[in-house]
Amino acid sequence: MVLPMLLSVALGALIGLEREIHGHPAGLRTHILVSLGSTVAALVSTEISRKTGDPGRVAAQVVTGIGFLGAGAIIREGASVRGLTTAASIWTTAMIGLAAGVSSRTMPLAVVASGIVVIVLWWLHHIEGAMEDRSAKAHVIEIETDDTPAVVPDIVGCLAGYGGTIRTFELRRNRADDRRNLRVSLKLESKDRLGELMSAMGEIAGVRSVSLP
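In this report, we go over the structure that sits alongside the text.

Calculation rules
Residues numbered from 1 in each chain as written. Predicted model: local features only at pLDDT ≥ 70, side-chain atom pairs only at ≥ 80, totals over all residues. Heavy atoms only, no water. Helix = DSSP H or I, 4+ residues; strand = E, 2+ residues; numbered from the N terminus. Buried < 20%, exposed > 50% of the residue type's maximum accessible area, 1.4 Å probe, protein only. Contact = heavy atoms within 4.5 Å. Salt bridge = Lys/Arg side-chain N within 4 Å of Asp/Glu carboxyl O. Core = buried A, V, L, I, M, F, W, Y, C linked by side-chain atoms within 4.5 Å. Axes fitted to C-alpha atoms, helices over the stretch in contact; angles between N-to-C directions. Parallel < 35°, antiparallel > 145°, perpendicular 65-115°, else oblique. Left-handed = near helix turned anticlockwise from the far one by under 90°. Nonpolar A, V, L, I, M, F, W, Y, C, P; charged D, E, K, R; others polar. Arc of directions from axis to C-beta. Pairing = 2+ DSSP bridges.

Position of Val 184 among the secondary structure elements: in strand β5 (residues 179–188). A relative accessible area of 1% means that Val 184 is categorised as buried. For the pair Val 184 and Ala 138, spaced 46 residues apart in sequence, the C-alpha to C-alpha distance is 9.9 Å. Those residues in contact with Val 184, other than ones at most four positions away along the chain, are His 139, Val 140, Ile 141, Ile 143, Leu 159, Ile 166, Thr 168 and Phe 169.

Below, the structure written as structure tokens:
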């Protein structure tokens, strides 16, 4: 039983190290513990099956229960959501831990899956960054508005009218003075229209100010 446990620790550390390097809250220790815990569950499940004949009972609970841990890695800030990739990596690490602990036949599966996960998280991350650099430049606009429901749809409509593609849309409410602070990251078909867009948004009823950070 020691070999699959050591293997799961190594594979969990491999995935967790990538998350740790990029500063995500679920990093090295989290992924090691998730992988190790899943392996222990698989080993226990195998031992239980010798008496009950049901090897999947404990493992099935891991598949369900790990979803709650993954949900804790998802953070919502206004209208934006972060942590989906980390939550997916936690869930996948749990499955890798199960594969490492079920039998010697599934250990190679755990190793190959870990390699694929690292490629997806590390290599494709750089490819996405390179693609964004080659595409239209993203602009960040900060907008201060009154706390009225109609102003946000008007702003979104204005962005769409100028050919803007919204990447992130963060909305925060300042309860002290009944104002809303919007931080919008978007791409424009033509950067020359940025000034026109900001002027148009400044004329929307309820918008107090439009600025670049």
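Moving on to the pattern of salt bridges. Counted by the stated rule, this structure contains 3 salt bridges. Ionic pairing is found between Glu 142 and Arg 183, a salt bridge with its closest N-O pair at 2.4 Å. Of the two residues, Glu 142 sits in strand β3 (residues 138–146) while Arg 183 sits in strand β5, which places them 41 residues apart along the sequence. We classify Arg 183 as partly exposed; its relative accessible area is 35%.

One finds Ile 141, Ile 143, Ile 155, Leu 197 and Met 201 to be the most contacted residues of the largest nonpolar core, which totals 19 residues. When residues of this core are traced back to their parent elements, those giving at least two are β3, α6 (151–161), β5 and α7 (194–202). Dropping the residues within four chain positions of it, Ile 155 is found in contact with Ile 143, Thr 145, Leu 182, Met 201, Ile 204 and Val 207. Among the nonpolar cores identified, the runner-up in size contains 11 residues, and Val 34, Ala 42, Ile 66 and Leu 98 belong to it.

This part covers the packing of helix α1 (residues 2–21) against helix α4 (residues 84–102). Contact geometry of α1 with α4 gives a least axis separation of 9 Å together with a crossing angle of 165°. As far as their axial angle goes, α4 and α1 are roughly antiparallel. You can see that α1 and α4 cross each other, and the crossing is right-handed. Residues Pro 4, Leu 7, Ser 8, Leu 11, Gly 12, Ile 15 and Arg 19 of α1 touch α4, and the partners they reach there are Thr 85, Thr 86, Ser 89, Thr 93, Ile 96, Ala 100 and Gly 101. A per-class count over the contact of α1 with α4 returns 6 nonpolar, 7 polar and 1 charged.

Looking only at α6, the buried set comprises Val 151, Val 152, Ile 155, Cys 158 and Leu 159. Projection of α6 onto a plane perpendicular to its axis shows the buried side chains occupying an angular sector of 125°, all on one side. Opposite the packed face of α6, turned more than 90 degrees from it, sit the exposed residues Pro 153, Ala 160 and Gly 161. Note on α6: the residue one or two positions beyond its end, Gly 163, has a positive phi of about 75°.

With that settled, consider the pairing of β5. The buried fraction of β5 is high, at 7 of 10 residues. Pairing analysis gives 9 bridges linking β3 to β5, with the strands arranged antiparallel. If you follow Glu 144 over to β5, its bridge partner there is Asn 181.

Running from N to C, α6 and α7 point in directions that differ by 155°, and their axes come no closer than 10 Å. As the angle between them shows, α6 and α7 are arranged roughly antiparallel. Helix-helix and strand crossings are classified by hand; for α6 and α7 the assignment is right-handed. Residues Ile 155, Cys 158 and Leu 159 of α6 form the contact with α7, whose own contacting residues are Leu 197, Ala 200 and Met 201. Taken together, the residues of the contact of α6 with α7 break down into 6 nonpolar, no polar and no charged.

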